[in-house]
Every structure is written in C-alpha cells, then in structure tokens.
Amino acid sequence: MSNVCIFAAPFTPVTDDGTVNYDVIPKYIDMLVKNHVKNVFVLGSNGEGMSFDKDERKKILEKWVEAGKGKLERIIVHISSEVISTTKELAQHAAGLGVDGVAVMSPTFFLLAPRTPDDMVDYLSEIGAVVPDCSLYFYHFQGVTAATVPPHEILKKAATKIPNMKGMKFTSGDIQEFCRCLRSCNGKYEILLGCDDLLIAAMTVGCVGATGGLFNYLGTVTHNMIEAYNTGDMETAKLLQYRILDTADIVFGKYGGVKANKAVMAMTGLPIGPTMWPLPEVPAADCAKMRAELEAIGFFDWCDKP
C-alpha cells in the first residue's frame, strides 16, 4: 500500500485589476477539502508567488492559514526571492504562523551562482538557520531556475549541514533522479513529486507525496486513482492517471500552464481571476477551444466542482 500525501498548488485569486482577492480563499479551501485535498503548497509557480511583493505574500499566506484552521492538514509555502534578506524575512513570517514547511528555490537570475552542491547547501543553510524549528524544503524546478546541481547531491550534503532540512519539491519528469532523491540518506527525506501526470510511476518506486496544479480540480480523480492502486485495481488506476495526463496535455501542453489553469478553475465554477504580469491571459477564443477540447475528453463529467 502507498500512503501518498497530496498537496494542491493553489492559484492565487486576484481581481481584474490585479488586486489579491482574499475573500475567495475560504471558498477555495472548501472546494479542495470537499474533493479529498487537505494539503496545500502555497505561492509556488502556480500561485505566482514571485509576482507579488513581500507584504502581499505575507497576507496571502496569513489568509490561507486563518481560513484553513480545522480544515487543512498541512501548509507549505514557497518563500524564494532574489534578495536573500527578503527570503529570510518571509521564512520567519511563515514560521511564526506555524506552517508545516518553507520551500526555497535556487536563485533564478544569477543562474551560475550555486555552482556545486556545497554552494547550494550553503545558500539553503543561510535560510534554514533563521527558522531552526521549521521544516525546510528545497524546491527543485530546473525548468524555471536552469540550475544544474544534481538535487540528490544537495540532499546528501544537507544531511550534515542543515538540521531542519525536511525534503524537496521535485518538479521534473526525471524519474531516475527522483529515485536517487528518494534513496538519499536511507530515505530520510520527504520528496514531493511535482508532476501530476507521473504519479503512478512515482508510486511504484516509493513516492510518499505529490504537489501540483491539476490537484486543484482533479482531487477526486487523484484520490480514486491512489485507492485503486492500493487495492491492486491497476486498470482503474491507469484509466484515472490517463485522465490526468490527457488534461495536462491540453492545459499545460497547448494553452499555457498557469494562465490556462486559472481559466479552467472558472470553468469548474470557482472564478479566481486573471494571471499577474508578466503572464498574459488566455485569449477568449483560445478559452473556447480549450473548453471544447476538455469536453471532448469528458473532463466536465469527472472534474471537481465547488
């Protein structure tokens, strides 16, 4: 049996003028919980965390923590900034709210700054040291950061240098490297898969957690897939994984990830507004095409609703 902890990576609700729409967050949480998702990874790439200033990021997290009391089980927040003092400030703020972890990416502008595992661990330890009682996660997302340091080597080095290192959000389709991370330090770390459409494959090698954008509206599909896998009903598990894959091919593959996902949320019945610049919105004509393609695969028969 595989006990997999599912984290939605929620999209941050905003109004048409780009103001954060805090009032939507309690409704958002109710939708997630109703559909078997009780954990969130806030303000990551799907949450457009880097597009909000630090005060907005603090207030967004505060609303998730406040509205999630008694409903959500775990909250992890992405706190990266190109200014390390800001990253530390966000870490301390999050720890003060009692979150279950803070996640840090490699710097994205000075791409070659962490040249070695030791460099990356030294950078992470600077942040971990200011929140010694809060779990620290490395946010591996090479597609965004272009960092080439092997993540399993970071984990090995961190074992003796960062006492509060808890694990990693692994946003990559490299299953071989995912396995190396799982095995690092005798399975000490919690490795959260960041690719929704690879979950069954990852479960076969011991995946214990996953976080992704599609879990915002495919929580029930994912829950049922895990149950089918655990009862040995692999035909049903594969069918449900292919539903996730087919959705990803349309939403991520053809219409643009975060901006398309925000449009899909509105289609399910929970409008959360547009994307923040520099991300453009999906044009109305493309939204209509995307809806038609989702209808063609039966998406609206099995997606989550508020």
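About the thresholds
- Residues numbered from 1 in each chain as written.
- Predicted model: local features only at pLDDT ≥ 70, side-chain atom pairs only at ≥ 80, totals over all residues.
- Heavy atoms only, no water.
- Helix = DSSP H or I, 4+ residues; strand = E, 2+ residues; numbered from the N terminus.
- Buried < 20%, exposed > 50% of the residue type's maximum accessible area, 1.4 Å probe, protein only.
- Contact = heavy atoms within 4.5 Å.
- Areas by Shrake-Rupley, 256 points an atom, 1.4 Å probe, with all protein chains shown as cover.
- Lys, Arg positive; Asp, Glu negative; His and termini not counted.
- Charge placed at Lys NZ, Arg CZ, Asp CG, Glu CD.
- Phe/Tyr/Trp six-rings, centres within 6.5 Å; stacked < 30°, edge-to-face > 60°.
- Lys NZ or Arg CZ within 6 Å of the ring centre and 35° of its normal.
- Axes fitted to C-alpha atoms, helices over the stretch in contact; angles between N-to-C directions.
- Parallel < 35°, antiparallel > 145°, perpendicular 65-115°, else oblique.
- Left-handed = near helix turned anticlockwise from the far one by under 90°.
- Nonpolar A, V, L, I, M, F, W, Y, C, P; charged D, E, K, R; others polar.
- Core = buried A, V, L, I, M, F, W, Y, C linked by side-chain atoms within 4.5 Å.
- Pairing = 2+ DSSP bridges.
- Right-handed = clockwise from strand over helix to strand, strands pointing away.
- Salt bridge = Lys/Arg side-chain N within 4 Å of Asp/Glu carboxyl O.

Undergrad: Whenever I open this one, the overall build of the protein chain confuses me. Can you help?
TA: Counting its secondary structure elements, the protein chain contains 13 helices and eight strands. Overall, the protein chain is about 50 × 50 × 40 Å in size when its C-alpha atoms are taken along their principal axes. With 306 residues in all, the protein chain has 54% of them scored as buried. Taking the intrachain contacts of the protein chain between residues at least 6 apart in sequence as the baseline, contacts between residues at least 24 apart amount to 74%. As presented, the protein chain carries roughly 12900 Å² of accessible surface, and 52% of it is formed by carbon and sulfur atoms. One finds the centroid of the 29 positive side-chain charges in the protein chain at a distance of 3 Å from the centroid of its 36 negative side-chain charges.

Undergrad: Any chance you could explain the packing of aromatic side chains here in plain terms?
TA: Enumeration over the complete set of coordinates arrives at seven aromatic pairs. Through a chain of ring-to-ring contacts, three or more aromatic side chains come together here, namely Tyr217, Phe299, Phe300 and Trp302. The ring centre of phenylalanine 41 lies 5.4 Å from the NZ or CZ of lysine 169, which sits over that ring.

Undergrad: How should the packing of helix α11 (residues 258-268) against helix α12 (residues 284-296) be read in this particular structure?
TA: When two helices pack together, their arrangement is captured by the angle between the axes and the distance separating the axes. It is at 11 Å that the axes of α11 and α12 come closest, and there the two elements cross at 65°. Here α12 runs roughly perpendicular to α11, going by the angle between their axes. The chirality of how α11 crosses α12 is right-handed. For the pair formed by α11 and α12, the contact residues are Ala260, Ala263, Val264 and Met267 on the first element and Cys287, Met290, Arg291 and Leu294 on the second. Residues belonging to the contact of α11 with α12 are distributed by class as follows: seven nonpolar, no polar and one charged.

Undergrad: In this structure, what is going on with unusual backbone geometry? I would like to understand it.
TA: Among all residues save glycine, negative phi is the norm, and among peptide bonds the norm is trans. In this model, tryptophan 277 is joined to proline 278 through a cis peptide bond whose omega is 20°. Its place among the elements puts proline 278 in the loop between α11 and α12. A positive phi is found at histidine 36, a non-glycine position, where the angle reads about 75°. Here histidine 36 is to be found in the loop between α1 (24-34) and β2 (39-42). The residue glutamate 48 is not glycine, and still its phi comes out positive at about 55°.

Undergrad: Honestly, the nonpolar core in this entry has me stumped. Any pointers?
TA: Within soluble globular proteins, side chains that are nonpolar generally end up buried alongside one another. Formed by 94 residues in total, the largest nonpolar core has its most connected members in Trp64, Leu124 and Leu199. With near-sequence residues (within four places) excluded, leucine 199 lies in contact with Val4, Ile6, Leu193, Cys207, Ala210, Phe215, Thr222, Met225, Ile226 and Gln241. Ranked by size, the runner-up nonpolar core spans 10 residues in total, among them Tyr137, Tyr139, Phe141 and Leu192.

Undergrad: Where do I start with the environment of glycine 187 in this structure?
TA: Along the chain, glycine 187 turns up in the loop between α7 (175-183) and β7 (190-193). Judged by relative accessible area, glycine 187 falls into the partly exposed class, the value being 41%. Along the primary structure glycine 187 and arginine 74 are separated by 113 residues, whereas in three dimensions their C-alpha atoms are 21 Å apart.

Undergrad: What is the right way to read the packing of helix α6 (residues 151-161) against α7 from this model?
TA: The N-to-C vectors of α6 and α7 enclose an angle of 10°; their axes lie 8 Å apart at closest approach. It follows from the interaxial angle that α6 and α7 lie roughly parallel. When α6 is examined against α7, the residues Pro151, His152 and Leu155 are found in contact with a partner set consisting of Glu177, Arg180 and Cys181.

Undergrad: Honestly, the pairing of strand β4 (residues 101-105) in this entry has me stumped. Any pointers?
TA: For a regular strand, side-chain orientation follows a simple rule: the groups alternate between the two sheet faces. Most of β4 sits out of view: five of its five residues are buried. Burial along β4 is two-sided: the residues Gly101, Ala103 and Met105 and Val102 and Val104 are all buried. Bridge count between strand β3 (residues 74-78) and β4: three bridges; the pairing is parallel. Paired with valine 77 across the bridge in β4 is valine 102. Taking the sense of rotation as the criterion, the β-α-β connection linking β3, helix α3 (residues 84-97) and β4 turns out right-handed. Two strands pair when backbone bridges link them, and β4 and strand β5 (residues 136-140) are joined in this way by four bridges, in the parallel orientation.

Undergrad: Which parts of the structure should I look at to understand the pattern of salt bridges?
TA: Where side chains of opposite charge bring their charged atoms close, a pairing between them can arise. On inspection of all chains with the given rule, the structure shows 11 salt bridges. Among the salt bridges present, the one from glutamate 89 reaches lysine 58, with a minimum N-O distance of 2.6 Å. In this pair, glutamate 89 sits in helix α3 while lysine 58 sits in helix α2 (residues 54-68), placing the two residues 31 residues apart along the sequence. A relative accessible area of 27% places glutamate 89 in the partly exposed class. Residue lysine 58 is classed as buried on the basis of its relative accessible area, which comes to 17%. Note that lysine 161 and aspartate 118 form a salt bridge whose closest N and O atoms lie 3.4 Å from each other.

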